[in-house]
Amino acid sequence: VGLYCKNCPEFVMAYFGVVSLGAVIVPLNRTLTPREVSFIAVDAGMKHLIAVQPLAVGSEIRQLLIPDIMEAVERKTFPEAPPAQTREDSPCAIIYTYGT
């Protein structure tokens, strides 16, 4: 799951929400171009992308927008989360460096 968001409370909620489900999070630098985000999405094998606004990364990646997530977080009831399918050596995050 890619995470394209500035440092804010929503970033933290999304980050820990993703890893609590046993998924792998890929935080993305907001200064990346759409082409660079697309490269990372393909390279990391992303299936989902959490972002503030829609990004041009291809139709095969489901985009979840933070305003929609925040609306869902304010609900009073939630469906039960599926059990996480992780092992001790399962990755939690994939970090791409940007050569600064």
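Predicted model only: the values in this text are computed from it and were never measured. (Residues numbered from 1 in each chain as written. Predicted model: local features only at pLDDT ≥ 70, side-chain atom pairs only at ≥ 80, totals over all residues. Heavy atoms only, no water.)

Q: Hey, could you run me through the overall build of the chain in this one?
A: For the chain, the helix and strand inventory stands at three helices and four strands. Ordered by position from the N terminus, the helices and strands of the chain form the series β-α-β-α-β-β-α. Residues counted as buried form 29% of the 100 residues belonging to the chain. Long-range pairs, those at least 24 residues apart, make up 52% of the contacts in the chain between residues at least 6 apart in sequence. A total of about 7100 Å² of accessible surface is found on the chain, and carbon and sulfur atoms cover 57% of it. (Helix = DSSP H or I, 4+ residues; strand = E, 2+ residues; numbered from the N terminus. Buried < 20%, exposed > 50% of the residue type's maximum accessible area, 1.4 Å probe, protein only. Contact = heavy atoms within 4.5 Å. Areas by Shrake-Rupley, 256 points an atom, 1.4 Å probe, with all protein chains shown as cover.)

Q: Please explain the pairing of strand S3 (residues 48-51) as it appears in this structure.
A: Looking along a regular strand, one sees the side chains alternate between the two faces of the sheet. Taken together, the three bridges between strand S1 (residues 2-4) and S3 define a ladder with parallel strand orientation. Paired with Leu3 across the strands is Ile50, a residue of S3. Across four bridges, the pairing between S3 and strand S4 (residues 62-65) is parallel. Its bridge partner lying in S4, Leu49 is registered against Gln63. (Pairing = 2+ DSSP bridges.)

Q: Help me understand helix H1 (residues 9-20) in this model?
A: Each α-helix turn comprises 3.6 residues. Residues three or four places apart therefore point the same way. Taking 1.5 Å of rise per residue, the 12 residues of H1 would be expected to cover 16 Å, and the 16 Å separating its terminal C-alpha atoms lies within 8% of that figure. The complete set of buried residues in H1 reads Phe11, Ala14, Tyr15 and Val18. Projected down its long axis, H1 carries its buried residues within an arc of 100 degrees, all on one side. Opposite the packed face of H1, turned more than 90 degrees from it, sit the exposed residues Pro9, Phe16 and Ser20. Looking at the buried side of H1, the elements it contacts are S1, strand S2 (26-28) and S3. Just downstream of H1, Gly22 is the residue with a positive phi angle, here 90 degrees. (Expected span 1.5 Å × (residues − 1). Arc of directions from axis to C-beta.)

Q: How should I be thinking about the sheet that holds S4 in this particular structure?
A: Pairing between the strands of a sheet is mediated by backbone hydrogen bonds and can be parallel or antiparallel. Read from one edge to the other, the open sheet built from four strands follows the order S2-S1-S3-S4, with strand pairing classed as parallel. Of all the strands in the sheet, just S2 and S4 have a single pairing partner and so form its edges. With direction set aside, neighbouring strand axes in the sheet form an average angle of 20 degrees. Inspection of the sheet shows S1 paired to S2 by three bridges, in the parallel sense. Residue pairing in the sheet places Leu3 in a bridge with Pro27 of S2. Across the sheet, H1 lies against S1, S2 and S3, angled at about 180 degrees from S1, the strand it touches most. (Axes fitted to C-alpha atoms, helices over the stretch in contact; angles between N-to-C directions.)

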